[in-house]
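# Results of the structural survey
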Amino acid sequence: MEMDPKRTAVIFKAFCDENRIRILQLLSTGEKCACKLLEEINVTQPTMSHHMKILCDSGIVIGRKEGKWMHYSISPEGKKYALQCFESLTKVNDVENIQSCCEK
């Protein structure tokens, strides 16, 4: 997989805040209205909007507008890409004949 470092950094930024992790945990049981997330997370509305922007920009979460409310859910495509990035970054290449950088 060809990994875009900039996009990958945006994805992993989404996981670097405990409130965003809590939001993802809430979304793991299905789509939630922003008002429900706001009740559960106990942050101000502007702070919730900030977190949701980061999660949506990462592609991990998608939002849809229904009337005056936003409804959020985990994106299957975003989840798949994030998993591929993590797998690619943590894969150990078992290549024989790799010489240590310290060996002469």
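The shown structure was predicted, so the numbers you read here are calculated from the model rather than taken from an experiment. (Residues numbered from 1 in each chain as written. Predicted model: local features only at pLDDT ≥ 70, side-chain atom pairs only at ≥ 80, totals over all residues. Heavy atoms only, no water.)

The subject of this paragraph is helix α2 (residues 18-27). Where α2 is concerned, the buried positions are N19, R20, I23, L24 and L27. Taken end-on, α2 shows its buried residues confined to a sector of 140 degrees, consistent with a single buried face. Relative to its buried face, α2 has exposed residues pointing more than 90 degrees away, namely E18 and Q25. The inward-facing, buried residues of α2 abut α1 (5-14), β1 (32-33), α3 (34-41), α4 (45-58), β2 (61-66) and β3 (69-74). Backbone nitrogen of N19 and a side-chain oxygen of the N-cap are separated by 2.8 Å at the start of α2; the cap is D17. (Buried < 20%, exposed > 50% of the residue type's maximum accessible area, 1.4 Å probe, protein only. Helix = DSSP H or I, 4+ residues; strand = E, 2+ residues; numbered from the N terminus. Arc of directions from axis to C-beta. Contact = heavy atoms within 4.5 Å. Polar contact = N/O pair within 3.5 Å; in protein donor to acceptor, adjacent residues only side chain to side chain.)

Let's shift gears to the pattern of salt bridges. Summed over the entire model, instances satisfying the criterion amount to five salt bridges. Of the charged contacts in the structure, one is a salt bridge between K36 and E39, with a shortest N-O distance of 3.8 Å. With K36 and E39 both in helix α3, this residue pair falls three residues apart, about one helical turn. We note a salt bridge from K36 to E40, for which the minimum N-O separation is 3.7 Å. (Salt bridge = Lys/Arg side-chain N within 4 Å of Asp/Glu carboxyl O.)

Limitation: the analysis is restricted to geometry and does not speak to function.
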